[in-house]
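Below are the chains, spelled out letter by letter.
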Amino acid sequence: MRARLVFALAWLCAVPGAMAQDTRKSGFDYMSRDSQAMQMDDLANPGMLSVLDGESLWNAPAGSSQKSCASCHGDGTVSMKGVAARYPAFDEASGKPIDLVGRIDQCRRERQQAPGLAREGHDSLALTTYIGLQSRGMPVSPPDDARLTPFRADGKALYTRRMGQLNFSCAQCHDEHAGGHVGASPIPQAHPTGYPIYRLEWQSMGSLQRRLRNCMAGTRAEPFAYAAPEFIDLELFLAARAAGMKVETPGVRP
Amino acid sequence: MARALLNVPAKAKRGDIIEIKTLMSHPMETGFRTGADGKLVPRDIIKSFVCTYNGEVVFSADLFPAISANPFIAFTTVATESGTMIFSWTDDKGQTQVQTAPISVE
């Protein structure tokens, strides 16, 4: 009895402590209940349509090699488990970091010997979403690779650098004013846990880079081009910032 | 290729009210937007949705340009007997996408 009481007390003390440690919130927590329900129901989440397309692309032979993703990687639901949670990662061939979209494109061009996939195109988003789904519920786990450190530091510098006519940095909104509002929209903490997302405003799927370009246009800065090294560095930093949070792909956002 | 997600209960008791949810992938282009070249993008929306249950129409809807891409349609019906539900979506291009779902009623 006494042991049980001590245990209960220890548990009571430990839980508020554990909650106080992590104040990070996913964009999911800022959404209305309707949007949350839409994301959680796989038969109502429009991102799952993209997953279905991704699954058939995974099994479709492409290019002069006539190989599909499945020819090498087998069953995607097994081999791709936790993969999206580790990206961006270091690419040995180029000596630079590469994001998941870039890796799929690289595989497509070099190993399948097929034409590359256009960034933000339907197929690229579908495959990324399908691979992303296999990590759903797993913690974001950026690779512990010292070669990525300088790139991550560059991402952090970009995150805190003011840009655009409005002269805002990412940090000013998403660190200092997270939880506040810009117009009627809540400002989330900017943890990229649900990408690629189905954004209701876009009425389509979009990658993290599309979202970042959106934000840059909002501060009236000239957005970086898709796949620009600056974006990969930012993605690296954001992944490290969200380390341990659960992957939600495919997320729904308003 | 158009994709649809259907949520039809596989089993139901006779006389039960069952909820059916459908999600169809479609751009639902309104016909009011301009493309990069400044010209109007031609309208392409799903015009009608019909659900039949053992040949009888249990739900149908006419859709209009203000409806979002990938329309989600949910409705209820009464489980009467085992059989098939057939869902069909017809768009401005005249293409009809048909999906079926079995239902068993005890």
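Residues numbered from 1 in each chain as written. Chains lettered and ligands numbered in written order. Predicted model: local features only at pLDDT ≥ 70, side-chain atom pairs only at ≥ 80, totals over all residues. Heavy atoms only, no water.

A. Region of the structure containing the overall build of chain B. Counting its regular elements, chain B contains zero helices and eight strands. The C-alpha extent of chain B, read off along each of the three principal axes, is 60 × 20 × 20 Å. Here chain B, with 106 residues, has 39% of them falling under the buried criterion. The contacts in chain B between residues at least 6 apart in sequence include a share of 57% that link residues at least 24 apart. (Helix = DSSP H or I, 4+ residues; strand = E, 2+ residues; numbered from the N terminus. Buried < 20%, exposed > 50% of the residue type's maximum accessible area, 1.4 Å probe, protein only. Contact = heavy atoms within 4.5 Å.)

B. Local environment of the packing of helix H8 (residues 149-160) of chain A against helix H11 (residues 229-241) of chain A. Residues and elements named next belong to chain A. Between H8 and H11, whose axes approach to 7 Å, the crossing angle comes to 90°. In terms of orientation, H8 lies roughly perpendicular with respect to H11. Note on element contacts: H11 touches H8 through Glu230, Asp233, Leu234, Leu236, Phe237, Leu238, Ala240 and Arg241, opposite Phe151, Arg152, Asp154, Gly155, Lys156, Leu158 and Tyr159. Of the residues belonging to the contact of H8 with H11, the class tally is eight nonpolar, one polar and six charged. (Axes fitted to C-alpha atoms, helices over the stretch in contact; angles between N-to-C directions. Parallel < 35°, antiparallel > 145°, perpendicular 65-115°, else oblique. Nonpolar A, V, L, I, M, F, W, Y, C, P; charged D, E, K, R; others polar.)

C. Structural detail: the pattern of salt bridges. Summed over the entire model, instances satisfying the criterion amount to 15 salt bridges over all chains. Across the pair arginine 24 of chain A and aspartate 22 of chain A runs a salt bridge whose closest N-O atoms are separated by 3.0 Å. Take aspartate 22 of chain A: its relative accessible area is 40%, and that puts it in the partly exposed class. Residues arginine 43 of chain B and aspartate 92 of chain B are paired through a salt bridge, measuring 2.8 Å at the closest nitrogen-oxygen approach. With a gap of 49 residues between them, arginine 43 of chain B in the loop between strand S3 (17-24) and strand S4 (46-53) and aspartate 92 of chain B in the loop between strand S7 (83-91) and strand S8 (96-105) connect regions that are remote in the sequence. One salt-bridge network, in which partners are shared between bridges, spans Glu92, Asp145 and Arg147 of chain A. (Salt bridge = Lys/Arg side-chain N within 4 Å of Asp/Glu carboxyl O.)

D. Main features of helix H10 (residues 208-218) of chain A. All names here are of chain A. Three or more residues of H10 are buried, namely Leu208, Gln209, Leu212 and Met216. One side of H10 holds all its buried residues, which, seen down the axis, span an arc of 95°. Against the buried residues of H10 lie strand S6 (204-206) and H11. (Arc of directions from axis to C-beta.)

E. Seen up close, the nonpolar core. All names here are of chain B. Ranked by internal contacts, the top residues of the largest apolar core, which has 23 residues, are Phe49, Met85 and Phe87. For this core, the elements supplying multiple residues, two or more each, are S3, S4, strand S6 (72-78), S7 and S8. In terms of residue count, the dominant contributor to this core is S4 (four residues). Residue contacts for phenylalanine 87: discarding those within four places in its chain leaves Leu6, Val8, Ile20, Thr22, Phe49, Val50, Cys51, Phe75, Gln97, Val98, Gln99 and Ala101. (Core = buried A, V, L, I, M, F, W, Y, C linked by side-chain atoms within 4.5 Å.)

F. The environment of glutamate 110 of chain A, seen in detail. Residues and elements named next belong to chain A. Residue placement: glutamate 110 occurs in helix H6 (residues 100-111). A residue is classified by how much of its surface remains accessible, and glutamate 110, at 45% relative accessible area, is partly exposed. Sequence spacing of glutamate 110 and glycine 63 is 47 residues, and the spatial spacing of their C-alpha atoms is 9.9 Å.

G. Examining the side chain of aspartate 53 of chain A more closely. Structurally, aspartate 53 of chain A is set in helix H3 (residues 47-58). We classify aspartate 53 of chain A as buried; its relative accessible area is 10%. Separated by 2.7 Å, the side chains of aspartate 53 of chain A and arginine 3 of chain B make a polar contact. (Polar contact = N/O pair within 3.5 Å; in protein donor to acceptor, adjacent residues only side chain to side chain.)

H. View of the side chain of arginine 241 of chain A. Residue and element names in this part refer to chain A. Topologically, arginine 241 is positioned in helix H11. Assessed through its relative accessible area of 17%, arginine 241 is described here as buried. A polar side-chain atom of arginine 241 sits 2.9 Å from the main-chain carbonyl oxygen of alanine 190. For arginine 241, the contacting residues outside a window of four places in its chain are Arg24, Tyr159, His174, Asp175, Gln189, Ala190 and His191.

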